[in-house]
Amino acid sequence: MKNVIITGISGQDGSYMVDHLIENTNLNIFGAVRRLSKPNYSNFQQHLNNKRFNLATLDLSDSQSIDNVVREVKPDYFINFAAQSFVGSSWQIPEQTFDVGAVGVIRCLESVRQYSPHCRFYNAGSSEEFGNVKYSPQDENHPFSPRSPYGAAKCAARHIVKVYRESYNLFAVQGYLFNHESPRRGEEFVTRKITKGVARIIKSIKKGECFEPIHLGNVDAKRDWSHALDFVDGVWKMLNQEKPNEYVLSSNETHTIREFVELAFKEVGIEGFWHGQGTNEEYSISTEYAIRNEVNSSVLVKIDPKFFRPAEVELLFGNSNKARQELGWTPKWSFHQLVKDMVASDLNS
Ligand code: NAP
Ligand code: G4F
């Protein structure tokens, strides 16, 4: 039986990849977590008793820990999802972001080269590498122009993956993945912050209670959002093609944060309207809804400069036609279905 190491399994993509490979392959899975003072197994606890699932401990900032696992497992696949993945924090902890996101990838590649050179290696690349975009939609030929320490780390990782592929003939690739979300999305990312806020607000309204608005930064930024479930399938296809090519995965649509807000509130029956300008702008409940439902608070969203970034990626809009044609990758979730799924999950939690 073949072995796969997956890092980042406590997070969104790593945990969905474990689900995907348990269901669709007969691989032995070595899911890697780092040591935390309070372990968080919630995204993969459903597999803890499965004989094909093994928990491994490794930290991307520690080459010994990576070597130990790779030497023992001799993986056929190594899927690296581990990273400090929050762009906003990458200005506060730039060294750590770069160390894990770029140097950590060298540590993994070195381990694979030495102890399991036949292994197929995947690193999680990002549309943040395109950053200050030059044309739309962005495809595999778009130049790199990162706007954050996070984006710069992913660019460095891309170069080192290529260097190892070309120097040692490793099957090593890094996809260009646009934003992908789900009910397992971390709570500080904008989509989850919105859907969690919407669930909190509608629950308060139903109880006749006052509520605090959701505080957001730049609501005019545009993102190309997909469901993470579609992307783990795309990553697995990328790893199993004949030759190591790198692909964009995206929905091929772009939407503002504003649109996400409007759709998420609509999902729970709340109609709102934007008013005011700049940092005084707000999204408020329509008067008819407020009267009908005897709502005491009216502001749903407030703009808070605390969430503005030192440099912003204003527009991301992908072109994943190459992956769709060459890998036969067919995403199943629409933007609307994604918002619906996230709101429903937060309402039930
Ligand atoms: P996520 O939910 O934040 O998960 C990140 C994972 O990395 C967590 O399991 C985290 O573990 C782990 N990790 C962090 N530092 C580590 C370290 N030093 N050693 C070992 N593990 C470490 O992120 P995600 O959304 O699933 O994204 C997965 C990957 O894809 C990331 O590399 C991200 O940068 C990249 N990516 C994501 C998107 C997206 O839209 N989701 C788009 C493009 C690229 P802890 O629980 O211990 O913190
Ligand atoms: O949800 P975000 O934090 O995601 P961002 O920065 O696009 O990064 C995500 O996608 C990348 C792929 O493109 C990944 F590589 C990365 O790991 C991560 O998964 O922010 C999205 C947009 C930004 O323009 C941000 O300025 O939403 C804007 N925004 C507005 N208000 C906010 C907020 N973002 C957050 N997190 N919180 C806010 O209150």
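Note: the structure precedes this text.
Since we're looking at a predicted model, the values are computed, not measured. (Residues numbered from 1 in each chain as written. Chains lettered and ligands numbered in written order. Predicted model: local features only at pLDDT ≥ 70, side-chain atom pairs only at ≥ 80, totals over all residues. Heavy atoms only, no water.)

Caption draft 1: Representation of the pattern of salt bridges in the model. For the coordinates displayed, the defined rule picks out 17 salt bridges. With a closest N to O distance of 2.7 Å, R185 and E181 form a salt bridge. Overall, the relative accessible area of 14% leaves R185 in the buried class. Among the ionic pairs, E282 bridges to K302, the shortest N-O distance being 2.8 Å. Taken together, the residues E282 in strand β15 (residues 282-285) and K302 in strand β16 (residues 299-303) connect sequence positions 20 residues apart. Each of the salt bridges in this network shares a partner with another, and the network as a whole consists of E129, R158, R165 and E246. (Salt bridge = Lys/Arg side-chain N within 4 Å of Asp/Glu carboxyl O. Buried < 20%, exposed > 50% of the residue type's maximum accessible area, 1.4 Å probe, protein only. Helix = DSSP H or I, 4+ residues; strand = E, 2+ residues; numbered from the N terminus.)

Caption draft 2: Local environment of the site of ligand 2. Not every one of the 25 residues close to ligand 2 is listed here, only the nearest: S126, S127, Y150, R309 and E312. Within the backbone of S85, one N or O atom sits 2.7 Å away from an oxygen atom of ligand 2. In the model, an oxygen atom of ligand 2 is placed 2.6 Å from a nitrogen or oxygen of the R309 side chain. Relative to its free-state accessible area of 700 Å², ligand 2 is covered by the protein chains to the extent of 96%. Among the secondary structure elements, those contributing two or more residues to the shell around ligand 2 are α5 (190-206) and β9 (214-216). Each residue belonging to the shell around ligand 2 can be placed in one class, and the counts come to 11 nonpolar, seven polar and seven charged. (Near = heavy atom within 4 Å. Polar contact = N/O pair within 3.5 Å; in protein donor to acceptor, adjacent residues only side chain to side chain. Areas by Shrake-Rupley, 256 points an atom, 1.4 Å probe, with all protein chains shown as cover. Nonpolar A, V, L, I, M, F, W, Y, C, P; charged D, E, K, R; others polar.)

Caption draft 3: Structural detail: the sheet that holds β15. Taken in spatial order, the four strands make up an open sheet running β9-β16-β15-β14, and their pairing is mixed. The strands lining the two open edges of the sheet, one partner per strand, are β9 and β14 (272-275). Averaged over all neighbouring strand pairs, the angle between strand axes comes to 20°, with direction disregarded. The pairing of β14 with β15 spans four bridges and is antiparallel. Counterpart to G272 in the pairing with β15 is I285. Against the sheet, α5 touches β9, β15 and β16, its axis set at about 155° to β9. (Pairing = 2+ DSSP bridges. Axes fitted to C-alpha atoms, helices over the stretch in contact; angles between N-to-C directions. Contact = heavy atoms within 4.5 Å.)

Caption draft 4: Examining the site of ligand 1 more closely. What surrounds ligand 1 is a group of 25 residues, the closest being S10, D13, R34, S85 and Y150. One of the backbone nitrogen or oxygen atoms of D13 is found 2.8 Å away from an oxygen atom of ligand 1. Taking L60, its main chain carries an N or O atom lying 2.9 Å from a nitrogen atom of ligand 1. Considered on its own, ligand 1 offers 900 Å² of accessible surface; in the complex 88% of this is hidden by protein. At the level of secondary structure, the elements contributing two or more residues to the shell around ligand 1 comprise α1 (12-24) and α4 (149-168). Residues that form the shell around ligand 1 fall into these classes: 11 nonpolar, nine polar and five charged.

Caption draft 5: Molecular detail of the packing of aromatic side chains. For the structure shown, the criterion picks out 16 aromatic pairs. Arranged with centres 5.2 Å apart and planes meeting at 85°, the rings of F86 and F189 form a pair that is edge-to-face. Taken together, the residues F86 in the loop between β4 (77-80) and α3 (94-115) and F189 in the loop between β8 (180-181) and α5 connect sequence positions 103 residues apart. Owing to a relative accessible area of 15%, F86 belongs among the buried residues under this scheme. Centre to centre, the rings of F231 and W329 are 5.6 Å apart; their planes meet at 70°, and the pair counts as edge-to-face. With a gap of 98 residues between them, F231 in helix α6 (residues 228-239) and W329 in the loop between α9 (321-326) and α10 (335-348) connect regions that are remote in the sequence. A relative accessible area of 1% means that F231 is categorised as buried. Exposure remark for W329: the relative accessible area of 1% places this residue in the buried category. These aromatic residues form a ring-pair network of at least three members: F130, F144, Y176 and F178. (Phe/Tyr/Trp six-rings, centres within 6.5 Å; stacked < 30°, edge-to-face > 60°.)

Caption draft 6: Layout of the sheet that holds β4. Spatial ordering of the open sheet is given by β3-β2-β1-β4-β5-β6, a layout of six strands whose pairing is parallel. Sheet topology places β3 (53-57) and β6 (171-174) at the edges, where each strand pairs with a single neighbour. Recorded for the sheet is a direction-independent mean angle of 15° between the axes of neighbouring strands. Note that strand β2 (residues 28-33) and β3 share five bridges and pair parallel. Note on β3: the bridge partner recorded for A32 is A56.

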